[in-house]
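Overview (structure and organization)
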Amino acid sequence: MNYQTTAEFARQLDTADKLATYRDKFLIPQHNGHDAIYLCGNSLGLQPRSAKEYIDEQLTAWQSKAVESWFDGDKPWLSYHKEVAALAAPVVGAHTDEVTAMNSLTVNLHLLLVSFYKPNNKRFKILMEAGAFPSDQYAVESQVRFYDLDPSDAIIELKPRSGEYTLRTDDILKAIDQNKNELALVLFGGINYYTGQVFDMQAIAKAAHNAGAYAGFDLAHAAGNVPIKLHDWDIDFACWCSYKYMNSGPGGISGIFVHKKHHHDQSLKRFAGWWGYREDKRFLMQPGFEAAIGAEGWQVSTSPILLLALHKASLDIFEQAGGIAVLREKSILLTGYFEYLINTINKTQGREIYRIITPTDIESRGCQLSVICNYKAKATFNYLVSKGIIGDWREPDVIRLSPVPLYNTFSEVYNVYIALNEVIKNIDI
Ligand SMILES: *Cc1c(COP(=O)(O)O)cnc(C)c1O
C-alpha cells in the first residue's frame, strides 16, 4: 500500500476498515475527557464492554443455584472451560482437546516443564532466547536447580549478533544443531516481548525434533496477535496469558497447549490435581491419579469461573470478528502505516530520531513496534503520556507501541505521528 502522511488518508483507511465497529465493543480509557490513544494492548488489553454482563451471568448462577451450578443450567460450570477451549483453539491453531484454560502463565510454564523437561546425564540443556521475559528466565532457572543442575551449564541463552537487535533464524537453527547431543528442550517466546520479533516457530520445532529435543513456546505476546498453527507446526507444548492481546482482564486465566501426539504418553510426569482427573470418574474420589486425555489432563484445580467468563467475553468477540486471520489483515496495515509514519519523521528531520528495532519483515512481527528514542527518550515518553498516548516504557530507551486491530484506528496512529513530531520542537531534541 502507498501510505500517505495526511490526516485525510488516515481517515480514508478508517472508513474502509471492516473492523471499525469493533472498537465500540471495548471501553477506551479516558484522558482529559477524551478517549486516550491506547497502544498498550501488549501489556494489558482493553476491557470488552460485555465483560460485566458475562461476569454478572455467573454471579447470578452462583446466587440462584450456588453449588448446583456446577452441573445445572445451560452453561454448567463443570464444562465451562470446554466452551472457552473451543473458542481459544482456533486463535492458536489447535484442536479443541489440545487446549485448556487454567491457572496463570508462569504457573503453567512450570507445570509444562515438569512434563517436557526431562534432563538426564546426557541430555539436560535448555536453549532459549537471551532477554526472554524475566518470569520465564526465573522459571527455567529454578527448574534446572530443581534437578540440582547448574543454570550456567544447563541453560544456553542465544544472543543476537553484535550490532543487531533480533535473532536470525539461521543462527537459532545452527545453535540447536550444534548442541544436539545435549539438548533436552528448546523453549522460546512466540514473540520476544522487548523487540516484538516473531520467531519462526515451525522451523525451530523441526530443528529441535531433529536434535532429539522437545520444542515449547511461551505465546504471551503472540496469542491473539498473530496467526499461529501449533498443531500443524508440530509444537510439543505452549502456554500463554489472556490479559495481553486476548483482552481477558488483569491477571486473567492462562491457556495451555499440549500436542495430540503426547496425549497418551504415560511416560510424561506431571504435577496432578483432581481437575485433571478423567471427568467420568472424577467424583468417585478414588485413590490413584488417572489423567483425562488431552490438555485437560494437566488441569490441577477447580476452574475459576469468573476468570473463564471474562476470557469467554473476549474470545466471543474474536469469533464474531471472523477470527485471527481477519484481525491480522488489518494489523499488518495498521502497524505498517505506523512504521511508515515513524520513518517519515526521520527522513524529514534528516537524522534518526526514532529507531524501530522490531523487524521490518511483516512475517517477523505482530502489532508491536519497539522504538528506541535516540534523544531524550524518557522525556519523549512523558510527553506522549501528557498527550494521552499510552504506550509503555522499557529501560533504557525503548518505547513499545502496539496498535491493536480490534480497537485502534488509523487516525490514532496518525495522531501519535503528530505527537512524535511535536515533541522534537517541544523538548528541543
Ligand atoms: C507477560 C508475560 C509473562 C507474565 O507471566 P504471568 O505469570 O502472567 O505473570 C510471562 N512470560 C512472558 C513471555 C510474558 O510476556
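Look a little higher up for the structure.
A quick note: this is a predicted structure, and the numbers were derived from the prediction, not measured. Every chain is numbered independently, its residues counted from 1 as its sequence is written. Thresholds applied to this predicted model are a pLDDT of at least 70 for local features of residues and 80 or more for the giving and counting of side-chain atom pairs; totals over whole chains, interfaces and linings are not thresholded and use all residues. The side-chain numbers reported here are obtained from all heavy atoms of the structure, hydrogens and water having been left aside.

**A short note on the packing of helix α10 (residues 324-349) against helix α12 (residues 410-426)**
Contact geometry of α10 with α12 gives a least axis separation of 10 Å together with a crossing angle of 20 degrees. With respect to each other, α10 and α12 are oriented roughly parallel. Considering how the two elements wind past one another, α10 and α12 form a crossing that is right-handed. Taking contact as the criterion, the partners of K330, L333, L334, Y337, F338, L341, I342, T344, I345 and Q349 in α10 are, on α12, F410, V413, Y414, V416, Y417, L420, N421 and I424. In terms of residue class, the contact of α10 with α12 is built from 14 nonpolar, three polar and one charged. Every axis corresponds to a line fitted to the C-alpha atoms, with the helix fit spanning only the stretch in contact, and the corresponding angles, defined between N-to-C directions, vary from 0 to 180 degrees. Starting at the N terminus, helices and strands are each numbered in turn, a helix being any DSSP run of H or I of at least four residues and a strand any DSSP run of E of at least two. Roughly parallel refers to an angle under 35 degrees, roughly antiparallel to one over 145, roughly perpendicular to one between 65 and 115, and oblique to any angle outside these ranges. Take the far helix as your reference; a near helix turned counterclockwise from it by less than a right angle gives a left-handed crossing, and one turned clockwise gives a right-handed crossing. Contacts were defined at the residue level, with two residues in contact if any of their heavy atoms lie within 4.5 Å. Each residue receives one of three labels: charged for Asp, Glu, Lys and Arg, nonpolar for Ala, Val, Leu, Ile, Met, Phe, Trp, Tyr, Cys and Pro, and polar for the others, Gly being one of them.

**A look at the pairing of strand β6 (residues 99-102)**
Neither face of β6 is open: one carries V99 and A101, the other T100 and M102, and all of them are buried. Think of it this way: DSSP has to see at least two bridges between two strands before they count as a pair. Bridging between β6 and strand β12 (residues 254-258) involves four bridges; their strand directions are antiparallel. Paired with V99 across the strands is F257, a residue of β12. Each residue is placed in one exposure class: buried if its accessible area under a 1.4 Å probe, protein chains only, is under 20% of its type's maximum, exposed if it is over 50%, and partly exposed if it falls in between.

**Considering the packing of aromatic side chains**
Here is the rule: rings of Phe, Tyr and Trp (six-membered ring for Trp) pair when centre to centre is within 6.5 Å. Planes less than 30 degrees apart are stacked, more than 60 are edge-to-face, and the remainder are tilted. In this structure the tally under the stated criterion is 25 aromatic pairs. Centroid distance F116 to F237: 4.9 Å. Interplanar angle 15 degrees. Geometry classified as stacked. Separated by 121 residues along the polypeptide, F116 in helix α4 (residues 105-116) and F237 in strand β11 (residues 237-241) bring together distant segments of the chain. Overall, the relative accessible area of 0% leaves F116 in the buried class. Residue F237 is classed as buried on the basis of its relative accessible area, which comes to 0%.

**Here's the deal with helix α11 (residues 377-386)**
If you check which residues of α11 are buried, you get A377, T380, F381, Y383 and L384. All buried residues of α11 project into a common sector of 160 degrees when viewed along the axis, lining one side. Of the surrounding secondary structure, the elements contacted by the buried residues of α11 are β13 (354-356), β14 (369-373), β15 (389-390), β16 (392-394), β17 (398-401) and α12. Trailing α11 by a residue or two, G388 shows a phi angle of about 75 degrees, which is positive. In this context, the arc is that of the directions from the helix axis out to the C-beta atoms.

**A few points about the sheet that holds strand β10 (residues 214-218)**
An order of β6-β12-β11-β10-β9-β7-β8 is seen for the seven strands of this open sheet, with the pairing classed as mixed. The open sheet has two edge strands, β6 and β8 (155-158), and neither has a second partner. If you compare each strand with its neighbour and ignore which way they point, the axes differ by 20 degrees on average. Direction of pairing for strand β7 (residues 125-129) relative to strand β9 (residues 183-189): parallel, over a ladder of three bridges. Residue pairing for β9: I126 is matched across the bridge by L185. This element, α4, spans β6, β9, β10, β11 and β12 of the sheet and lies at about 170 degrees to β11.

**A word on the site of the ligand**
We call a residue near a molecule or strand whenever a single non-hydrogen atom of that residue lies within 4 Å of it. Around the ligand, the structure places L105, T106, F133, D136, D218, A220, H221, Y243 and K244. Between the ligand and T106 there is a distance of 2.6 Å, counted from an oxygen atom to a side-chain nitrogen or oxygen. Throughout this description, a polar contact denotes any pair of N or O atoms lying within 3.5 Å of each other; where both atoms belong to protein, one of them has to be capable of donating a hydrogen while the other can accept it, and for residues adjacent in sequence the pair is counted only when both atoms sit in side chains. Between the ligand and H221 there is a distance of 3.1 Å, counted from an oxygen atom to a side-chain nitrogen or oxygen. Relative to its free-state accessible area of 390 Å², the ligand is covered by the protein chains to the extent of 83%. Surface exposure here means Shrake-Rupley accessible area, sampled with a 1.4 Å probe, where a residue is shielded only by the protein chains that are shown.

**Regarding the nonpolar core**
By convention a nonpolar core is built from buried Ala, Val, Leu, Ile, Met, Phe, Trp, Tyr and Cys residues, the set being connected through side-chain atoms within 4.5 Å. Among the nonpolar cores identified, the biggest contains 74 residues, and V99, I176, F188, L219, L230, W240 and L406 are the most heavily contacted of them. No other element matches the eight residues that helix α3 (residues 80-92) contributes to this core. Shared between two domains, this core holds at least three residues of each, these being domain 1 (7-47 + 323-426) and domain 2 (54-321). The contact partners of V99, leaving out residues within four places of it in the chain, are A85, A88, A89, V92, A94, W240, I256, F257 and A295. All the domain ranges listed were derived from an automatic or database domain assignment.

**So, the pattern of salt bridges**
Salt bridge criterion: a side-chain nitrogen from Lys or Arg within 4 Å of a carboxyl oxygen from Asp or Glu. Taken as a whole, this structure holds 24 salt bridges when the rule is applied. For R11, the salt bridge identified is with E8, shortest N-O distance 3.2 Å. With R11 and E8 both in helix α1 (residues 7-16) and three residues apart, this pair spans about one turn of that helix. R11 sits in the partly exposed class, given a relative accessible area of 46%. By relative accessible area, which is 41% here, E8 ends up partly exposed. Ionic pairing is found between R161 and D171, a salt bridge with its closest N-O pair at 2.7 Å. Here R161 is found in the loop between β8 and α7 (169-178), whereas its partner D171 is found in helix α7, with 10 residues between them in sequence. R161 sits in the partly exposed class, given a relative accessible area of 38%. Overlapping salt bridges, with partners in common, bring together R278, D280, K281 and E290 in one network.

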